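Structural features, examined
So you can see what is in the structure, the chains are spelled out below.
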Amino acid sequence: MLKGTFPIEKFKSLETPFYYYDMDLLQKTLDAIKDETGKYGCFHVHYAVKANANPRILSLIASNGLGADCVSGGEIQAALKAGFPADKIVFAGVGKADWEINLGLEENIFCFNVESLAELRVINELAGRKNMKADVALRINPEVDAHTHAKITTGMKENKFGINLGLLGGVLDELAGMQHVRLIGIHCHIGSQITDMSAFRNLAIRINEIQDELDKRGFHVENLNMGGGLGIDYYHPNHLPIPSFDNYFAVFSSLLKLREGQQVHFEPGRSVVAQCGTLISRVLYVKEGEVKKFVILDAGFTDLIRPAMYDAYHRIENLSSDEDVELYDVVGPICESSDVFGKDVELNKAHRGDFIALRSAGAYGEIMASQYNCRKLPKAYYSDQI
Ligand code: LLP
């Protein structure tokens, strides 16, 4: 069974569970993004901070020149602290509080991605009080099916996110009369963990249609934001550690009908950080049931909630054993039956104390951790500092 390479000797003195980040892989992933976007000149990447806001991860991403996609005032503060320039920060979210909008205005961020007419009115009012003009992009529901998990698909109709296509005309009419907002772009995000490029093709085609509509109404926008959503290979983290950014960006380059001087923005989160992170835990007990064997870990859904919340698959490896493979249900210690990382998982024969790696945990792992059951938040260690 091909496993990832980890410095197990160094792990031995560490308290488990913990997150382990391969900083070299993160740098290589960022290099791939820079190489691919560099081919097109007008493509800009804003890393979706929601995927992982660990300060070291954020600063490495910022130092590579990417912008940040934030969904809260806290994320804007974290991004600024990590060194992302304010003029590369976009701010999305259906429920921006007044203080968060004011923070965005005071920091002079690049753009507010506006999700409703009600929000647009408030931004106009708050910017007016400061005698400012806020740069906004309208987040539109493109009605493109992302063919992904129901809990992470966002671009269809009757979703809490974005402005429905049918309502766009009315929003544009009212926006034209607002004194304190300036329309600089349109924004779409259709969902997350998308591995079928046809969803992105459909998005690009829909954006072209929306632009034609904007042209008819006399609106010209300088920026098109395609959101995030590029998926990763959870099944083969060892073979495919870097997502195919080449195919992804090529879809938009070949299909989008850009107007003179237009810039294209992207907000990838998962594809940037997922594969560089691993949740490392120890086996507490191997429990033999009547029909099943359970590996009980010291990590639980408090440390990686994706399997419990989205039935997500994460590859599980026993780093300490090369014995024959057996089938186990791999579970955590939390007092809830959903605290299961995988059922009938093929694992090299497990023993108390073995290191178990839960792979591809860099995105929506550490950032979604909780202290349920009064558990401690795990620490993070980095390949270049361990
Ligand atoms: N832009 C917007 C407006 C978003 O809502 C999201 C993710 C992204 C960008 C980044 O998407 P990504 O490139 O990471 O797919 N916790 C879930 C994923 C939630 C995604 C929410 N929005 C999970 O663990 O699968």
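Fair warning: this is a prediction, and the values are worked out from it, not measured in the lab. Along each chain, residue indices are assigned from 1 in the same order as the chain's sequence is written. Local features in this predicted model are restricted to residues of pLDDT 70 or higher, and side-chain atom pairs are both shown and tallied only at a pLDDT of 80 or more, whereas totals for entire chains, interfaces and linings draw on every residue. Note that the side-chain values use all heavy atoms of the structure and ignore hydrogens as well as water.

Let's shift gears to the pairing of strand β8 (residues 181-187). Categorising residues by exposure relies on relative accessible area from a 1.4 Å probe, with only protein chains included: less than 20% of the type maximum marks a residue as buried, more than 50% marks it as exposed, and the intermediate range marks it as partly exposed. Each helix corresponds to a stretch of at least 4 residues labelled H or I by DSSP, and each strand to a stretch of at least 2 residues labelled E; elements are numbered beginning at the N terminus. Of all 7 residues in β8, 6 are buried; the element is thus mostly enclosed. Pairing between two strands is assigned when DSSP locates at least 2 bridges connecting them. In terms of strand pairing, strand β6 (residues 134-141) meets β8 through 6 bridges, oriented parallel. Residue pairing in the sheet places Leu-138 in a bridge with Ile-186 of β8. With 3 bridges connecting them, β8 and strand β9 (residues 223-225) associate as parallel partners. If you follow Ile-186 over to β9, its bridge partner there is Leu-224. Chirality of the crossover, the property in question, places the unit of β8, helix α8 (residues 197-216) and β9 among those that are right-handed. Clockwise travel from the first strand over the helix to the second, with the strands pointing away from the viewer, marks a crossover as right-handed.

Cavity and pocket criteria rest on a 1 Å grid covering protein atoms alone: a 1.4 Å probe that fits but cannot get out defines a cavity, protein on both sides within 12 Å along at least 5 of 7 lines defines an open pocket, and an atom within 4 Å of a point defines a lining residue. Grid points are joined across faces, edges and corners, and a volume is the space filled by probe spheres set on the points. Within this model, the second largest pocket holds a volume of roughly 300 Å³. Residue assignment for the lining of the second largest pocket shows that the elements contributing at least two residues are β1 (18-21) and α2 (23-38). Broken down by element, the lining of the second largest pocket gets its largest block of residues, 3 residues, from α2. Amino acids outside the nonpolar list (Ala, Val, Leu, Ile, Met, Phe, Trp, Tyr, Cys, Pro) and the charged list (Asp, Glu, Lys, Arg) are all regarded as polar, and Gly is one of them. Among the residues forming the lining of the second largest pocket, the class breakdown is 7 nonpolar, 6 polar and 5 charged.

Time to look at the state of the cysteines. Where two cysteines share a covalent bond between their sulfur atoms, that bond is called a disulfide. Cysteine sulfur pairs qualify as disulfides if the two atoms are within 2.5 Å. Under the definition given, this model contains 0 disulfides. Cysteine Cys-42 remains unbridged, with the sulfur of Cys-111 as its closest cysteine sulfur at 17 Å. Judged by its relative accessible area of 16%, Cys-42 is buried. Left without a disulfide partner, Cys-276 is nearest to the cysteine sulfur of Cys-70, which lies 18 Å away. Take Cys-276: its relative accessible area is 3%, and that puts it in the buried class.

Let us look at the packing of α2 against helix α9 (residues 245-255). Closest axis-to-axis distance for the α2/α9 pair is 9 Å, and the angle between their directions is 30 degrees. When the axes of α2 and α9 are compared, the pair comes out roughly parallel. Along this stretch, α2 crosses α9, giving a crossing that reads as right-handed. On α9, the residues touching Thr-29, Ala-32, Ile-33, Glu-36 and Thr-37 of α2 are Phe-245, Asp-246 and Phe-249. Here the residues of the contact of α2 with α9 are counted per class, giving 4 nonpolar, 2 polar and 2 charged. Only the stretch in contact is used when fitting a helix axis, every axis being a line fitted to C-alpha atoms; angles between N-to-C directions are given from 0 to 180 degrees. Note on terminology: angles under 35 degrees are roughly parallel, angles over 145 are roughly antiparallel, angles of 65 to 115 are roughly perpendicular, and the others are oblique. Each crossing is labelled by how the near helix is turned from the far one, with a counterclockwise turn of less than a right angle marking it left-handed and a clockwise turn marking it right-handed. Throughout, a contact is declared for two residues whenever any of their heavy atoms are within 4.5 Å.

None of the figures reported here should be taken as evidence of function without further support.
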